[in-house]
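Structure at a glance
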Amino acid sequence: MQHIKDKVKYNRLLKHRYNITLNEVINMKSKQKNKCSICKNNFKNTKGMHIDHCHTFGKVRSLLCSTCNQGLGSFRDDIKLLKLAINYLNKYNKGK
């Protein structure tokens, strides 16, 4: 019975936070073949899976692993800043 209560509680949280259902998350995970949308690594468990969304408009984009989700968050979803980071890495990775 506890499992059902947890599922209902999680469904409410998803609806409130992202305006999606648990079934929609399960479908996203299946469509993504249990892989992060950016790095394509498999999700090891649901704790390592994050629902990525636009912080400005709240629209859900896809599922990401913890590392990719934190990376986007650290760069504040700023494309210009991400491009600057790519240029920086290219500048210092030429000798590889």
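The following refers to the structure shown. Computed from a prediction, not measured in an experiment: that's the story for all the values here.

1. Focus: the pairing of strand β2 (residues 60-65)
A large share of β2 lies buried, amounting to 5 of its 6 residues. Between strand β1 (residues 49-53) and the antiparallel strand that follows it, β2, lie 6 residues; G58 among them carries a positive phi value of about 80 degrees.

2. Digging into the environment of C68
If you trace the backbone, C68 turns up in helix α3 (residues 66-74). On a C-alpha basis, the gap between C68 and I51 in space is 11 Å, while along the polypeptide they are 17 residues apart.

3. Digging into the side chain of Q32
Within the secondary structure, Q32 is located in the loop between α2 (22-31) and β1. A distance of 2.9 Å separates a polar side-chain atom of Q32 from the backbone nitrogen of L63. Discounting residues that sit within four places of it in the chain, Q32 has contacts with S37, F43, S62 and L63.

4. Looking at the layout of surface pockets
The volume enclosed by the largest pocket comes to roughly 470 Å³. Taken together, 22 residues line the largest pocket, and the ones lying closest to its centre are Y10, T46, M49, H50 and I51. Mapped by element, the contributors of at least two residues to the lining of the largest pocket are α1 (2-18), α2, β1 and α3. When the residues that make up the lining of the largest pocket are grouped by side-chain class, the tally is 10 nonpolar, 6 polar and 6 charged.

Quick notes on the rules
- Residues numbered from 1 in each chain as written.
- Predicted model: local features only at pLDDT ≥ 70, side-chain atom pairs only at ≥ 80, totals over all residues.
- Heavy atoms only, no water.
- Buried < 20%, exposed > 50% of the residue type's maximum accessible area, 1.4 Å probe, protein only.
- Helix = DSSP H or I, 4+ residues; strand = E, 2+ residues; numbered from the N terminus.
- Pairing = 2+ DSSP bridges.
- Polar contact = N/O pair within 3.5 Å; in protein donor to acceptor, adjacent residues only side chain to side chain.
- Contact = heavy atoms within 4.5 Å.
- 1 Å grid on protein atoms, 1.4 Å probe; cavity = no way out; pocket = protein on both sides within 12 Å on 5 of 7 lines; lining within 4 Å.
- Points joined across faces, edges and corners; volume = space filled by probe spheres on them.
- Nonpolar A, V, L, I, M, F, W, Y, C, P; charged D, E, K, R; others polar.

The quantities given are spatial measurements derived from coordinates; they are silent on function.
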